[in-house]
Amino acid sequence: MIRKIIVSFLYLFALSSFVSAKGFFPKEELMSLGVYYYPEHWSPNQWERDIKNITDHGFEFIHMAEFAWAQLEPIEGQYDFKWLDKVIELADKNGLKVILGTPTPCPPVWLSQKHSDIYIKDAHYQRKEHGTRANMSLSNPIVLSYTKKIVEAMAKRYGRNKTIMGWQIDNEPEAKEDYSEASQVAFRLWLKEKYSKVDALNEAWGTAFWSQLYSAFDEVNIHNATNVGWWGANPIALLDFKRFTADTQAAFLDFQAEVLREYIDKTQFITTNYVAKGNGTDPRRSTKMDFASFTAYPNYGSANLGDLGFRLGDYSVLMYANDYYKLIDGITGVMELQPGQVNWANHNSLLQPGIVRMWLWHCFAGGSSYACTYRYRQVLYGAEQYHHGIVSTDGVNLSQGGKEYAQVIKEINQLRKEYSSKSEMPEILQKRKAAIMWSFDNLWSLERQKQTSQWDTWKHMQGYQSILHSLGAPVDIISVEDDFTDYPFLIVPAYEMVDEALVQKWKDYVSQGGNLIISTRTGAKDVNAHLWESNLSGIMNELIGGKVQTFDMLSAGKSGQVIMNGKTYQWSSWGDQVIANSTSDILARYNDQFYKGDACIISQSIDKGKVWYIGVESLEGLLERDILKRAFAYNDVPVENYPEGVFVMYRDGFMVAVNYSSKVYELAYDGKYLLGEKVLKPAGVSVWKSN
Ligand code: GAL
């Protein structure tokens with residue numbers, strides 16, 4: 001029942017306006033730095049020393065308690081806040097603010113003894129158990145009722161405390177598949193809410209295929225791809241399960257936010273710390289928090305460049321988080337930024353000296369209002385031994401990462417003196433502003449039906465994002481609900497599920513002078529993930545000025561040729577054969593295979609604007625890069641040519657350059673540098689005033 005109420009709330013408020021998040025972080029302070037502290041891991045007689053040292057290093061806030069349910073409520077209904085009171089007092093005495101985490105990732109053992117069924121069941125119907133974190137079924141009413149009690153107790157205790165600057169709900173929300181009984185019940189309710197009548201579900205899921213028809217919602221079990229076989233599973237039922245899982249996670253956050261909101265002061269913010277790339281969640285599905293924050297461990301990923309790449313990190317982590325999170329509520333911050341070596345990657349190398357500092361500056365450039373790091377002291381026991389902190393195992397001396405944090409704190413203090421509230425983004429950058437339209441529903445759907453192991457939805461989207469940054473364009477990743485009319489350039493990469501209204505919105509944007517760049521697979525399906533009873537992406541024919549006839553893909557390691565303006569490009573993973581209307585120009589054609597001469601990129605003008613359809617994914621994005629350059633040139637907007645991994649970004653009157661590539665890069669700016677210099681080394685940072 002509670003579940004149902006939460007889910008319906010989610011729908012009701014989905015489109016309502018957000019609580020304004022502005023004002024929590026004064027703009028002139030630029031970026032405030034903080035650190036995680038776990039008093040429960042250390043002897044109380046070290047707390048005073050630690051808090052004082054944190055202050056002396058220049059940190060402005062600490063973050064506590066998100067895993068301390070067992071210490072805060074050692075016996076059901078009996079709370080122990082004395083230890084936390086003590087550390088909050090110490091923080092206050094030392095001029096530090098505090099972010100409190102709600103401790104719901106880690107249910108205490110008494111709860112599992114009393115209710116052994118509070119845990120998630122995995123796809124093998126194996127129940128999780130006590131001894132780790134993020135293991136509870138968020139669909140379970142018992143979980144919600146205990147969550148409410150502990151969150152309420154904390155909110156009552158600290159909601160008016162002036163040292164508390166805000167709240168982080170739970171930790172790194174993760175939309176975990178849950179096949180428990182509670183989840184099955186909640187899923188049926190969710191389906192009822194969505195489809196009302198079982199016939200509508202049958203139609204949407206296409207249950208006519210393979211005798212899957214239902215006559216009542218109660219007959220529906222969560223489709224379990226592990227059981228029915230990956231290939232045999234119903235893709236639309238699975239997509240709905242993904243949507244439900246993300247909604248459940250979002251509703252859990254909103255549920256806690258509402259409990260907090262009843263007791264806390266308006267000056268305290270509510271946020272959560274999403275894993276940079278989402279972890280199955282969809283941050284836009286929660287509507288009750290003030291803003292969304294993210295965590296970033298950039299060492300681990302796939303976009304590591306050159307010889308030093310494994311020490312410099314994957315540039316796509318912060319590139320994505322920077323362009324995505326601030327758009328949700330107009331404000332964001334990095335809640336956890338890697339302080340040094342970690343203990344959970346395939347190999348946990350030492351980082352390049354300077355790179356932690358550079359990541360911090362990359363967060364700054366991306367607009368983070370604060371940057372916090374996990375964690376102050378390197379823990380001596382538990383699952384995260386060998387994970388660096390700001391200080392090393394002796395609890396006092398700064399680690400390499402700790403030194404870099406301390407350095408950035410000093411540098412930010414310097415920069416605060418240079419800040420002017422009158423600064424404005426240089427005109428040339430405004431002209432280059434680009435939005436990328438992105439949705440997690442599309443990601444989930446495309447990843448389920450990739451058609452080729454070479455297809456990678458993230459990589460496809462981030463390829464465009466990376467090109468835009470290399471051209472020096474400010475980039476925002478937006479959602480379909482956002483108003484994009486003010487962006488001169490709108491990129492729509494592989495936006496698979498569309499409806500008439502969206503296609504019309506795109507047409508209007510172009511008519512009024514917008515530049516719309518659409519990539520392959522866009523519009524292939526309707527919002528129920530059905531193909532159109534037409535040609536492929538038939539709903540797009542008029543907009544793109546042509547028809548996608550069919551598509552091809554080559555086997556891994558094989559490449560085909562595309563020719564544009566006499567230049568040859570290679571492709572392998574995806575290629576549409578497009579028939580252009582008389583209104584369109586053919587910009588690129590295949591140069592081999594049996595369909596040699598067929599078009600893959602077309603373009604047409606509609607009233608004041610222009611549409612480009614890029615029906616092919618080229619190797620290393622070289623073709624896409626040239627098309628984007630053409631689109632900017634068509635609008636007389638000059639662009640840059642930064643190498644991959646070099647970011648030069650504007651923020652609050654400053655230009656910030658960082659370098660993830662393993663090569664030295666020489667910046668064009670000849671004036672005075674506030675930090676760094678013209679020569680930008682790997683892991684280097686240069687900052688100068690924008691005007
Ligand atoms: C994060 C998590 C932290 C800590 C950290 C270790 O993903 O939120 O609690 O476990 O990883 O790197």
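Computed from a prediction, not measured in an experiment: that's the story for all the values here. (Residues numbered from 1 in each chain as written. Predicted model: local features only at pLDDT ≥ 70, side-chain atom pairs only at ≥ 80, totals over all residues. Heavy atoms only, no water.)

Some points on the overall build of the chain
Then, number 1: When helices and strands are counted, the chain shows 21 helices and 25 strands.
Then, number 2: Taking 691 residues into account, the globule formula puts the C-alpha radius of gyration at 26 Å, and the chain, at 26 Å, falls close to it.
Then, number 3: Referenced to the eigenvectors of the C-alpha coordinate spread, the extents of the chain come out at roughly 80 × 70 × 45 Å.
Then, number 4: Within the chain, buried positions represent 60% of all 691 residues.
Then, number 5: Counting every atom, the chain has about 27700 Å² of accessible surface; 51% of that belongs to carbon and sulfur.
Then, number 6: Each charge class in the chain was averaged separately, 70 positive and 81 negative side chains, and the resulting centres sit 3 Å apart. (Helix = DSSP H or I, 4+ residues; strand = E, 2+ residues; numbered from the N terminus. Rg over C-alpha atoms; globule rule 2.2 N^0.38 Å. Buried < 20%, exposed > 50% of the residue type's maximum accessible area, 1.4 Å probe, protein only. Areas by Shrake-Rupley, 256 points an atom, 1.4 Å probe, with all protein chains shown as cover. Lys, Arg positive; Asp, Glu negative; His and termini not counted. Charge placed at Lys NZ, Arg CZ, Asp CG, Glu CD.)

Topic: the domain arrangement of the chain
Frequently, the measure chosen for interface size is the accessible area removed from exposure when the parts meet.
Then, number 1: The domain boundaries assigned to the chain delineate domain 1 (7-416), domain 2 (427-634) and domain 3 (647-689).
Then, number 2: Here domain 1 and domain 2 have C-alpha centroids that lie 34 Å from each other.
Then, number 3: With both sides pooled, the region where domain 1 packs onto domain 2 buries about 2300 Å², and carbon together with sulfur makes up 57% of that total.
Then, number 4: Looking only at domain 1, the three residues that lose the most surface to domain 2 are Met 319, Tyr 320 and Asp 323, adding up to 23% of its buried area.
Then, number 5: The interface formed by domain 1 and domain 2 contains 3 salt bridges.
Then, number 6: Across the pair Arg 243 and Asp 441 runs a salt bridge, and its minimum N-O distance is 2.6 Å.
Then, number 7: At the junction of domain 1 and domain 2, the tally comes to 14 residue pairs in polar contact (both at pLDDT 80 or more). (Domains from an automatic or database assignment. Buried area = accessible area lost by both parts, 1.4 Å probe. Salt bridge = Lys/Arg side-chain N within 4 Å of Asp/Glu carboxyl O. Polar contact = N/O pair within 3.5 Å; in protein donor to acceptor, adjacent residues only side chain to side chain.)

Examining a nonpolar patch on the surface
Then, number 1: Taken together, the side chains of Phe 209, Trp 210 and Trp 231 make up a nonpolar region of the molecular surface, amounting to roughly 460 Å² of accessible area.
Then, number 2: Examined against the element boundaries, Phe 209 turns out to sit in the loop between helix H8 (198-205) and helix H9 (225-228). (Patch = residues over 30% accessible without salt bridge, like charges linked within 9 Å, V, L, I, M, F, W, Y side chains within 5 Å.)

Some points on the nonpolar core
Then, number 1: One finds Leu 33, Tyr 37, Ile 62, Met 64, Leu 100, Trp 205 and Trp 361 to be the most contacted residues of the largest nonpolar core, which totals 159 residues.
Then, number 2: Residues Leu 490, Val 503, Leu 516 and Ile 518 belong to the second largest nonpolar core, which totals 27 residues. (Core = buried A, V, L, I, M, F, W, Y, C linked by side-chain atoms within 4.5 Å.)

Here we look at the packing of helix H7 (residues 181-195) against H8
Then, number 1: Contact geometry for H7 and H8: axes closest at 8 Å, N-to-C directions at 95°. Overall, the two elements H7 and H8 adopt an arrangement that is roughly perpendicular. On H8, the residues touching Phe 187, Leu 191 and Tyr 195 of H7 are Ala 200, Leu 201, Ala 204 and Trp 205.
Then, number 2: In terms of residue class, the contact of H7 with H8 is built from 7 nonpolar, no polar and no charged. (Axes fitted to C-alpha atoms, helices over the stretch in contact; angles between N-to-C directions. Parallel < 35°, antiparallel > 145°, perpendicular 65-115°, else oblique. Contact = heavy atoms within 4.5 Å. Nonpolar A, V, L, I, M, F, W, Y, C, P; charged D, E, K, R; others polar.)

Some points on the site of the ligand
Then, number 1: All residues in the neighbourhood of the ligand are listed as Phe 67, Arg 133, Asn 171, Glu 172, Tyr 297, Glu 336, Trp 344, Tyr 374, Glu 384 and His 387.
Then, number 2: One of the side-chain N or O atoms of Asn 171 is found 3.1 Å from an oxygen atom in the ligand.
Then, number 3: Burial of the ligand by the protein chains amounts to 94% of its free accessible area of 310 Å².
Then, number 4: Its residues placed into classes, the shell around the ligand shows 4 nonpolar, 2 polar and 4 charged. (Near = heavy atom within 4 Å.)

Some details on the sheet that holds strand S21 (residues 646-651)
Strand pairing in a sheet takes place through backbone hydrogen bonds and is either antiparallel or parallel in direction.
Then, number 1: Sheet architecture is open: 3 strands sit in the order S21-S22-S25, paired in antiparallel fashion. A strand with exactly one partner marks an edge of an open sheet, and here the two such strands are S21 and strand S25 (685-689). Across the sheet, the axes of successive neighbouring strands diverge by a mean angle of 15°, strand direction being ignored.
Then, number 2: In this sheet, strand S22 (residues 654-659) lies alongside S21 in antiparallel orientation, the contact comprising 6 bridges. Paired with Tyr 650 across the two strands is Met 655, which belongs to S22. (Pairing = 2+ DSSP bridges.)

Observations concerning the packing of aromatic side chains
Two descriptors summarise a pair of aromatic rings, namely the distance from one centre to the other and the angle between the planes of the rings.
Then, number 1: Applying the stated criterion to the full structure yields 56 aromatic pairs.
Then, number 2: A centroid spacing of 5.8 Å and a plane angle of 10° characterise the contact between Tyr 79 and Phe 81, whose relative ring orientation is stacked.
Then, number 3: By relative accessible area, Tyr 79 is classed as partly exposed at 31%.
Then, number 4: Among the aromatic residues, ring-to-ring pairing joins Tyr 274, Phe 294, Tyr 320, Tyr 324, Tyr 325, Trp 438, Phe 440, Trp 444 and Trp 458 into one connected group.
Then, number 5: Over the ring of Trp 458 we find Lys 277; its NZ or CZ atom is 5.3 Å from the centre of that ring.
Then, number 6: Positioned above the aromatic ring of Trp 612, the side-chain terminus of Lys 610 is 5.8 Å from the ring centre. (Phe/Tyr/Trp six-rings, centres within 6.5 Å; stacked < 30°, edge-to-face > 60°. Lys NZ or Arg CZ within 6 Å of the ring centre and 35° of its normal.)

As for helix H10 (residues 235-263)
Then, number 1: Helix length check: H10, at 29 residues, gives a terminal C-alpha distance of 43 Å against a target of 42 Å (1.5 Å per residue), a fit within 8%.
Then, number 2: Counting buried positions along H10 yields 23 of 29 residues, so the element is predominantly enclosed. (Expected span 1.5 Å × (residues − 1).)

Here's the deal with helix H12 (residues 315-324)
Residues spaced three or four apart along an α-helix point in a common direction, a consequence of the helix completing one turn every 3.6 residues.
Then, number 1: In terms of residue burial, H12 counts as a mostly covered element, since 10 of its 10 residues are buried.
Then, number 2: Along H12, the residues that are buried comprise Tyr 315, Ser 316, Val 317, Leu 318, Met 319, Tyr 320, Ala 321, Asn 322, Asp 323 and Tyr 324.
Then, number 3: Residue Asp 314 occupies the N-cap position of H12, its side-chain oxygen lying 2.8 Å from the main-chain nitrogen of Ser 316.

What about the pattern of salt bridges?
Then, number 1: One pass over the structure, following the stated rule, counts 32 salt bridges.
Then, number 2: Two residues, Glu 640 and Arg 432, come together in a salt bridge whose shortest N-O distance is 3.2 Å. Of this pair, Glu 640 sits in the loop between helix H21 (622-634) and S21 while Arg 432 sits in helix H16 (residues 427-432); the two residues are 208 residues apart in sequence, bridging distant segments of the chain.
Then, number 3: Judged by its relative accessible area of 4%, Arg 432 falls in the buried class.
Then, number 4: Several salt bridges share partner residues, and in doing so they unite Lys 194, Asp 240, Arg 243, Asp 247, Asp 282, Arg 285 and Asp 441 into one network.

Looking at the packing of H12 against helix H18 (residues 457-470)
Then, number 1: In the contact formed by H12 and H18, the axes pass within 11 Å of each other and the chain directions differ by 80°. When the axis of H12 is compared with that of H18, the two are roughly perpendicular. Of H18, the residues touching H12 (which contributes Tyr 315, Ser 316, Met 319, Tyr 320 and Asp 323) are Trp 458, Met 461, Gln 462, Gln 465, Ser 466 and His 469.
Then, number 2: Along the lines of polarity and charge, the residues of the contact of H12 with H18 split into 5 nonpolar, 5 polar and 1 charged.

Points about the environment of Ser 439
Then, number 1: Inspection of the secondary structure assignment puts Ser 439 in the loop between strand S10 (434-437) and helix H17 (440-448).
Then, number 2: Here the alpha-carbon distance between Ser 439 and Ala 250, two residues 189 residues apart in the chain, equals 15 Å.
Then, number 3: Within polar-contact distance, the side chain of Ser 439 engages the backbone nitrogen of Asn 442 at 3.1 Å.

A closer look at the pairing of strand S11 (residues 475-478)
Then, number 1: The alternating pattern of S11 places Val 475 and Ile 477 on one face and Asp 476 and Ile 478 on the opposite face, and all of these are buried.
Then, number 2: Relative to S11, S10 runs parallel, the two sharing 4 bridges. Across the sheet, residue Ala 434 finds its bridge partner in S11, namely Val 475.

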